[in-house]
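Each chain is listed here by its residues.
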Amino acid sequence: MMNSMYGKSILNLTELTKEEFLSIIELAVAIKADPEAYRGVLAGKILAMIFEKNSTRTRVSFEAGIIQLGGQAIVLDSKSTQMGRGEPVKDTAKVMSSYVDGIMIRTYSDQIVAELAKEASIPVINGLTDDHHPCQILADFQTIYEQKGKLEGIKLTYIGDGNNMAHSFLIGGSLVGMDISIATPKGYEPKAEFVELAKKNAKVSGSIIEIVNDPDQAAKNADVLVTDVWASMGDESEQKEREVIFKEFQINNRLSVQAKKDYLFLHCLPAHRGEEVSVDIIDGTHSAIYEEAANRLHAQKALMVKLMANL
Ligand code: CP
Ligand code: NVA
């Protein structure tokens with residue numbers, strides 16, 4: 001049977017059905033268990049990676065992943081490309097489509113990724129934008145599935161800035177039937193369009209979507225507690241101001257008592273210990289941050305196989 005994801009682009013997870021999303025997680029678990037069985041699946045395939053923002057995990061896990069699958073990566077700092085000097089995205093998309101088999105891009109604007117995907121004849125993967133981080137969600141949901149045995153019916157609480165991670169949890173969680181509770185300071189809520197989208201998905205999946213300004217309320221009975229930096233890439237100039245505004249939004253021992261006794265702590269990393277999360281939580285027994293980071297490799301190998309191999 002033809003793989004329905006072959007040739008698709010992943011901009012923000014709305015491209016996937018629940019079944020497709022779950023099949024990526026399933027494949028990620030299989031690849032992790034037996035990586036040798038998948039060696040060579042992308043033999044001869046080339047992934048170009050364009051970075052306009054810094055990265056450690058995304059850069060290394062995608063490159064290691066495609067090499068392990070038998071392909072190769074070309075890593076581009078956007079500043080050194082002609083796109084960085086203003087060449088139209090359309091021309092970049094058409095030209096790159098004639099050289100490589102897939103493009104992963106980390107940039108600011110979602111519009112650039114959407115235009116790249118529209119004009120390219122090869123899959124385009126969003127490796128983080130101001131509004132979305134879909135690859136991180138794949139790894140996070142793989143980690144939750146491994147640790148909790150299911151995704152549907154899990155309550156995930158995100159505390160902090162209504163940023164790209166919050167949006168991606170809303171979209172991914174509402175797709176698979178996970179309850180998503182988000183607590184942010186007033187004025188830092190996730191964008192209304194993604195909350196609406198999640199609520200629409202929830203009507204089908206049965207998810208409960210809650211957006212509040214009270215961390216204790218959001219954390220009640222959580223299976224998973226998650227946070228992210230208070231000032232994302234691009235917001236650095238607001239760091240000091242945000243440290244004051246977000247002070248009550250730290251995941252720490254005081255807040256974690258609201259969660260279930262066996263709650264799991266996740267953070268996409270990089271983390272600021274002592275800001276969005278206390279040291280005892282991030283380095284404590286509930287934390288699975290390194291398993292989560294490790295799963296970036298397996299989840300993205302699964303994603304590349306689905307998009308780039310007509311299996
Ligand atoms: N979590 C994440 O995307 O990490 P990098 O910024 O290091 O890629
Ligand atoms: N929200 C963070 C995630 C980093 C992986 C940022 O965009 O900087």
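These figures come from a predicted structure and were not determined experimentally. (Residues numbered from 1 in each chain as written. Chains lettered and ligands numbered in written order. Predicted model: local features only at pLDDT ≥ 70, side-chain atom pairs only at ≥ 80, totals over all residues. Heavy atoms only, no water.)

1. Section: helix α5 (residues 134-148)
The end-to-end C-alpha separation of α5 is 21 Å, in line with the 21 Å expected for 15 residues at 1.5 Å each. Of all 15 residues that make up α5, 11 are buried, and the element is covered over most of its length. Residues of α5 that are buried: Pro134, Cys135, Gln136, Ile137, Leu138, Ala139, Asp140, Phe141, Gln142, Thr143 and Ile144. The first or second residue beyond α5 is Gly149, which carries a positive phi of 80°. (Helix = DSSP H or I, 4+ residues; strand = E, 2+ residues; numbered from the N terminus. Expected span 1.5 Å × (residues − 1). Buried < 20%, exposed > 50% of the residue type's maximum accessible area, 1.4 Å probe, protein only.)

2. Quick look at the UniProt feature "binding site: L-ornithine" (unreviewed entry) in the protein chain
With numbering matched to this structure, UniProt assigns "binding site: L-ornithine" (unreviewed entry) to Asn164, Asp228, Ser232 and Met233. What stands out for the annotated residues spanning 70 residues is how close their C-alpha atoms remain, the widest pair being 11.5 Å apart. Following the sequence through the fold, Asp228 ends up in the loop between β8 (224-227) and α9 (239-245). A residue is classified by how much of its surface remains accessible, and Asp228, at 5% relative accessible area, is buried. If near-sequence neighbours (up to four positions away) are discounted, Asp228 is found in contact with Tyr158, Ile159, Asn163, Asn164, Met165, His267, Cys268 and Glu276. Polar side-chain contacts of Asp228 include one of 2.9 Å to the side chain of Asn163. Among the structural elements, Met233 can be located in the loop between β8 and α9. In contact with Met233, not counting residues within four places along its chain, are Lys53, Asn54, Arg106, Tyr108, Leu128 and Asp130. (UniProt positions renumbered as here; feature names shortened; annotations may be inferred. Contact = heavy atoms within 4.5 Å. Polar contact = N/O pair within 3.5 Å; in protein donor to acceptor, adjacent residues only side chain to side chain.)

3. Points about the site of ligand 2
Looking at ligand 2, the residues that line it are Leu128, Asn163, Asn164, Asp228, Ser232, Met233, Cys268 and Leu269. Between Asn163 and ligand 2, the recorded distance is 3.4 Å, taken from a side-chain N or O atom to a nitrogen atom. A distance of 2.6 Å is found between a nitrogen atom of ligand 2 and a side-chain nitrogen or oxygen belonging to Asp228. Calculation on ligand 2 without its partners gives an accessible area of 270 Å², and the protein chains cover 94% of this total. Among the residues making up the shell around ligand 2, the classes are represented as four nonpolar, three polar and one charged. (Near = heavy atom within 4 Å. Areas by Shrake-Rupley, 256 points an atom, 1.4 Å probe, with all protein chains shown as cover. Nonpolar A, V, L, I, M, F, W, Y, C, P; charged D, E, K, R; others polar.)

4. What about the site of ligand 1?
Lining the immediate environment of ligand 1, one finds Ser55, Thr56, Arg57, Thr58, Arg106, His133, Gln136, Cys268, Leu269 and Arg296. Arg57 places a side-chain nitrogen or oxygen 2.8 Å from an oxygen atom of ligand 1. Protein chains bury 95% of the 250 Å² of accessible surface belonging to ligand 1 in isolation. Partitioned by chemical class, the residues of the shell around ligand 1 number two nonpolar, five polar and three charged.

5. A few points about the environment of Glu52
Note that Glu52 resides in the loop between β1 (46-51) and α2 (57-68). Each C-alpha atom of the pair Glu52 and Asp101 lies 20 Å from the other, and the pair is 49 residues apart in sequence. Setting aside residues no more than four positions away along its own chain, Glu52 makes contact with Ser78, Arg106, Thr107 and Tyr108. Only 2.3 Å separates the side chain of Glu52 from the side chain of Thr107, close enough to count as a polar contact.

6. Digging into the sheet that holds strand β2 (residues 72-77)
Sheet architecture is open: four strands sit in the order β2-β1-β3-β4, paired in parallel fashion. Two strands close off the open sheet at either side, each with one partner strand: β2 and β4 (124-126). Ignoring strand direction, the axes of neighbouring strands in this sheet form an average angle of 20°. The pairing of strand β3 (residues 102-106) with β4 spans three bridges and is parallel. In the strand pairing of β4, Ile103 is matched with Val124. (Pairing = 2+ DSSP bridges. Axes fitted to C-alpha atoms, helices over the stretch in contact; angles between N-to-C directions.)

7. A word on helix α3 (residues 89-97)
Residues Val89, Thr92, Ala93, Met96 and Ser97 constitute the buried set of α3. For α3, the angular spread of buried residues about the axis comes to 120°, placing them on one side. Those residues of α3 that are buried are in contact with β1, β2, β3 and α4 (110-119). (Arc of directions from axis to C-beta.)

8. Section: the packing of aromatic side chains
Aromatic rings in a pair are described by how distant their centres are and how their planes are angled relative to each other. Under the defined criterion, the tally for this structure stands at five aromatic pairs. When the centroid spacing of 5.7 Å and the interplanar angle of 70° are considered together, the rings of Phe21 and Phe141 count as edge-to-face. Separated by 120 residues along the polypeptide, Phe21 in helix α1 (residues 18-33) and Phe141 in helix α5 bring together distant segments of the chain. The interplanar angle of 45° and the centroid separation of 6.1 Å between the aromatic rings of Tyr158 and Phe169 together place this pair among those described as tilted. In this pair, Tyr158 sits in strand β5 (residues 155-159) while Phe169 sits in helix α6 (residues 164-176), placing the two residues 11 residues apart along the sequence. Judged by its relative accessible area of 0%, Phe169 is buried. (Phe/Tyr/Trp six-rings, centres within 6.5 Å; stacked < 30°, edge-to-face > 60°.)

9. Some details on unusual backbone geometry
In this structure, the amide linkage connecting Leu269 to the following residue, Pro270, adopts the cis form with an omega of 5°. Secondary-structure assignment places Pro270 in the loop between β9 (264-267) and α11 (279-282). For Leu269, which is not glycine, the phi dihedral falls at a positive 65°. Among the secondary structure elements, Leu269 is positioned in the loop between β9 and α11.

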